[in-house]
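Here is how the chains run, residue by residue.
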Amino acid sequence: MNILLTGGAGYIGSHAAVVLTEAGHQVVILDNFCNSQLSVLERLAKILGKPVPFVEGDTRDTELVRKILKNYKIDAVMHFAGLKAVGQSVQKPIDYFDNNVAGTISLLQAMRANNIKMLVFSSSATVYGAPQYLPLDENHPTQAINPYGRSKLHIEEILSDIEASDSNWHIACLRYFNPVGAHESGIIGENPNDTPNNLMPYIAQVALGRLPYLNVYGNDYDTLDGTGVRDFIHVMDLAEGHLAALSFINQKSGLNIFNLGTGKGSSVLEMVKAFEGVSGKSIPLRVTNRRTGDVAACYARVDKSSTDLSWKATRTIQEMCSSTLNFQKNYKCNNLS
Ligand code: NAD
Ligand code: UD1
């Protein structure tokens, strides 16, 4: 298939570009590079042994998107483009709703104009809000607790209305848990430009001696060791989940919601231990207050994705840690920015 990847130069989109291309699909990337670098395209070409077609532009430019869909004879769209920093979304809600929600509406208008009705959307486990029970299945009530999460929930609701209005749409909403790790080449991964907010990139910076210690945000949660528990999933497993979701919606219309996680929770201290194991470095810690908005534990029930998509995350925590470390070492040493 010819597949448009909006935001395909970003962290998850670039890994999906590799998996989809290696599976024989033709991908085209649309990205405005607001949170990625042009050089990602060179690195993708290095991994794939051929250039990846791309257009620099914005999903909110409906006319541009319409032209891309037509010129590249696109069959399906994977919509990764969006802003994703929770804290920033609280400061700049208008920007988040504009980019995420208006950007999606613009894309949908362009798709409708070209009669393209196959879409895989990057949603998030954040739409569940504070878990009422665990593991979280796809029927768990949704409740967003910040503008970023609300933007994802609004989009899911829009997609649900569209599917109800026209049964020719084939849509997958993929609710990602905590994507971490990097491609084995070590040349694409999560962009570590700023001081990271998320756990794994932060631990890697400490392991590499670029940050002095890890702040552990609370050790008094009702979990095995008192620290937060999350469902960390290797980004390559996640990317393979997109391939599986695409072949599923190719056969099945409607709105199809899937959790993409491992089904297993790991605590902050377990991740630290695993990282120490693969890096051979000790990670200094400081326990501080809980971070506002954090929940004690969040992990997925993955029965639906494993049954319907015939897909399962297989990579281990050690692989998540070693690939993160490998990318971050490379990133600095080879000036990959
Ligand atoms: P990312 O920031 O690395 O990638 C997003 C890409 O989209 C970037 O390359 C950025 O330049 C581009 N972009 C943003 N707005 C655009 C626009 N209007 N037009 C064109 N390009 C635009 O983020 P990611 O981690 O790869 O996340 C991809 C998607 O998955 C996002 O929608 C995000 O909300 C969602 N998601 C991510 C996570 C995570 O932990 N990384 C978890 C759940 C959901
Ligand atoms: C965060 C976002 C979520 C987003 C996800 C992936 C918040 C409140 N939630 O989720 O919406 O989908 O990132 O981008 O920002 N931790 C530390 N020290 C650190 C960093 C994190 O102890 O320096 C702990 C956290 O308290 C948490 C766990 O590590 O218990 C995981 O944190 P993080 O990687 O930020 O992911 P989430 O909070 O799950």
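A. Representation of the overall build of the chain in the model. If you tally the helices and strands in the chain, you get eleven helices and 14 strands. For 337 residues, the compact-globule estimate of 2.2 N^0.38 gives 20 Å, and the C-alpha radius of gyration of the chain, at 19 Å, lies within 12% of that figure. By principal-axis analysis of the C-alpha atoms, the chain measures approximately 55 × 45 × 40 Å. Within the chain, buried positions represent 55% of all 337 residues.

B. Here's a closer look at the nonpolar core. One finds L5, L20, L44, M78, L174 and L246 to be the most contacted residues of the largest nonpolar core, which totals 43 residues. Here this core takes nine residues from helix α8 (residues 235-251), the largest share from any one element. Counting 24 residues, the second-largest nonpolar core is a separate cluster that includes V28, M111, F121 and L159.

C. Main features of the pattern of salt bridges. Tallied over the full model, the rule gives twelve salt bridges. A salt bridge links D303 to R301; the shortest N-O distance between them is 3.6 Å. Shared partners join several salt bridges into a network, and the residues in it are D58, R60 and D98.

D. Spatial organisation of the site of ligand 2. Around ligand 2 sit 16 residues, and of these L199, N215, R230, R291 and D294 come closest. Within the side chain of N198, an N or O atom sits 2.9 Å from an oxygen atom of ligand 2. For the shell around ligand 2, the leading source of residues is strand β8 (residues 214-217), giving four residues. Each residue belonging to the shell around ligand 2 can be placed in one class, and the counts come to six nonpolar, seven polar and three charged. Counting residues domain by domain, the shell around ligand 2 receives three or more from each of domain 1 (2-181 + 232-260) and domain 2 (199-230 + 264-330).

E. Highlighting the pairing of strand β1 (residues 2-6). Of all the five residues making up β1, four are buried; the element is thus mostly covered by neighbouring parts of the structure. Looking at chain direction, β1 and strand β2 (residues 26-31) are connected through five bridges and run parallel. Within β2, the position partnered with T6 by the bridge is L30. What joins β1 to β2 is helix α1 (residues 11-22), and the crossover it makes is right-handed. Sheet analysis places β1 next to strand β4 (residues 76-79), joined by four bridges and oriented parallel. Opposite L4, over in β4, you have V77 as the bridge partner.

F. Spatial organisation of α8. Between its terminal C-alpha atoms α8 stretches 25 Å, which fits the 24 Å expected from 17 residues at 1.5 Å a residue. Counting buried residues along α8, twelve of its 17 residues qualify, which places the element largely inside the surrounding structure. Taken together, the buried positions of α8 are V235, M236, D237, L238, A239, G241, H242, A244, A245, L246, F248 and I249.

G. Up close: the site of ligand 1. In the vicinity of ligand 1 there are 27 residues, among which D31, N35, S36, K84 and Y148 approach most closely. Within the side chain of N35, a nitrogen or oxygen atom sits 2.7 Å from an oxygen atom of ligand 1. The fraction of the free accessible surface of ligand 1 (820 Å²) that becomes covered by protein chains is 95%. Elements supplying a minimum of two residues to the shell around ligand 1: α1, β5 (118-124) and α6 (147-165). Top element by residues in the shell around ligand 1 is β5. It accounts for three residues. Here the shell around ligand 1 is built from residues that sort into ten nonpolar, twelve polar and five charged.

H. Seen up close, the sheet that holds strand β9 (residues 229-230). Taken together, the three strands give an open sheet; going across it, the order is β12-β9-β14, and neighbouring strands pair in mixed fashion. Unpaired on one side and paired on the other, β12 (266-267) and β14 (297-298) mark the two borders of the sheet. When β9 meets β12, the two strands line up antiparallel, connected through two bridges. Directly across from V229, in β12, lies its bridge partner S267.

Conventions used here
- Residues numbered from 1 in each chain as written.
- Chains lettered and ligands numbered in written order.
- Predicted model: local features only at pLDDT ≥ 70, side-chain atom pairs only at ≥ 80, totals over all residues.
- Heavy atoms only, no water.
- Helix = DSSP H or I, 4+ residues; strand = E, 2+ residues; numbered from the N terminus.
- Rg over C-alpha atoms; globule rule 2.2 N^0.38 Å.
- Buried < 20%, exposed > 50% of the residue type's maximum accessible area, 1.4 Å probe, protein only.
- Core = buried A, V, L, I, M, F, W, Y, C linked by side-chain atoms within 4.5 Å.
- Salt bridge = Lys/Arg side-chain N within 4 Å of Asp/Glu carboxyl O.
- Near = heavy atom within 4 Å.
- Polar contact = N/O pair within 3.5 Å; in protein donor to acceptor, adjacent residues only side chain to side chain.
- Nonpolar A, V, L, I, M, F, W, Y, C, P; charged D, E, K, R; others polar.
- Domains from an automatic or database assignment.
- Pairing = 2+ DSSP bridges.
- Right-handed = clockwise from strand over helix to strand, strands pointing away.
- Expected span 1.5 Å × (residues − 1).
- Areas by Shrake-Rupley, 256 points an atom, 1.4 Å probe, with all protein chains shown as cover.

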